[in-house]
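Architecture and fold: a report
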Amino acid sequence: MRKHSSKQLKINVQSDDRRENLLASHQFFNPACQLHPPSAPVPMKHPAPSPFRFECTQCGQCCSRPGVVMITNPELVSIAHALGVNLEYLKRICLDYDGEHWLIEVNEGEHCPFLENDRCSVHAVKPEQCRTYPFWPEIVESLQTWQAEAPYCPGIGRGPAYTTHQIRELTRGNGSTG
């Protein structure tokens, strides 16, 4: 597991058992969420009533919550290119690998290593998981779960209304919320 600070990335490697426990307990920034790889669409149990309103305020709150972000190899290449850094350097400094995905692990009181001055430094190429937040299946499966997420995201309840079709496309990883 690696710890991040806004000024300097610090490496703190812990045991594989501890890492597995962390992955099992961190549910994509939201403890109530199920851990789903970004490329595996999960059908909504009960499609959320449409329309839901959302507009990203770029506040950085979603980047400052404990959790795990999964990054695919193509996303990793895009991020390294956008930052102008060597791919191996990026992997070594701020990512872990679970055998299938690259991972950013954010601990309590920390933030994503790509968050700089409360803004995403890789916004144009951010991972699918970040692009589709808060339209994750476990958040939009009901009005109750959507409203429960609102205290963590000031963009919920603002901006354009998303139709059921748009929400389904986002939960499949198609499109972006901003």
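Treat the numbers as computed from the prediction; the structure is a model and nothing was measured. (Residues numbered from 1 in each chain as written. Predicted model: local features only at pLDDT ≥ 70, side-chain atom pairs only at ≥ 80, totals over all residues. Heavy atoms only, no water.)

Considerations on the packing of aromatic side chains
Considering all chains together, one arrives at 6 aromatic pairs under this definition. On the numbers, 4.5 Å between centres and 45° between planes, the contact of Tyr97 with Trp102 is tilted. Note on Trp102: relative accessible area 12%, which makes it buried. Grouping aromatic residues by their ring pairs yields a cluster made of Phe52, Phe54, Phe135, Trp146 and Tyr162. (Phe/Tyr/Trp six-rings, centres within 6.5 Å; stacked < 30°, edge-to-face > 60°. Buried < 20%, exposed > 50% of the residue type's maximum accessible area, 1.4 Å probe, protein only.)

Quick word on the side chain of Thr177
Topologically, Thr177 is positioned in the segment after helix H7 (164–171). Under the relative-accessibility criterion, Thr177 is labelled buried at 9%. Side-chain polar atoms of Thr177 contact the backbone oxygen of Tyr133, separated by 2.9 Å. Apart from the residues within four sequence positions on either side, Thr177 is in contact with Phe54, Cys56, Arg131, Thr132, Tyr133, Phe135, Tyr162 and Leu170. (Helix = DSSP H or I, 4+ residues; strand = E, 2+ residues; numbered from the N terminus. Polar contact = N/O pair within 3.5 Å; in protein donor to acceptor, adjacent residues only side chain to side chain. Contact = heavy atoms within 4.5 Å.)

A short note on the packing of helix H2 (residues 73–83) against helix H3 (residues 87–94)
Packing of H2 against H3 leaves a shortest axis separation of 9 Å and a crossing angle of 100°. Taken together, the axes of H2 and H3 are roughly perpendicular relative to one another. Residue-level contacts link Leu76, Val77, Ile79, Ala80 and Leu83 of H2 to Leu87, Leu90 and Lys91 of H3. Considering only residue class, the contact of H2 with H3 consists of 7 nonpolar, no polar and 1 charged. (Axes fitted to C-alpha atoms, helices over the stretch in contact; angles between N-to-C directions. Parallel < 35°, antiparallel > 145°, perpendicular 65-115°, else oblique. Nonpolar A, V, L, I, M, F, W, Y, C, P; charged D, E, K, R; others polar.)

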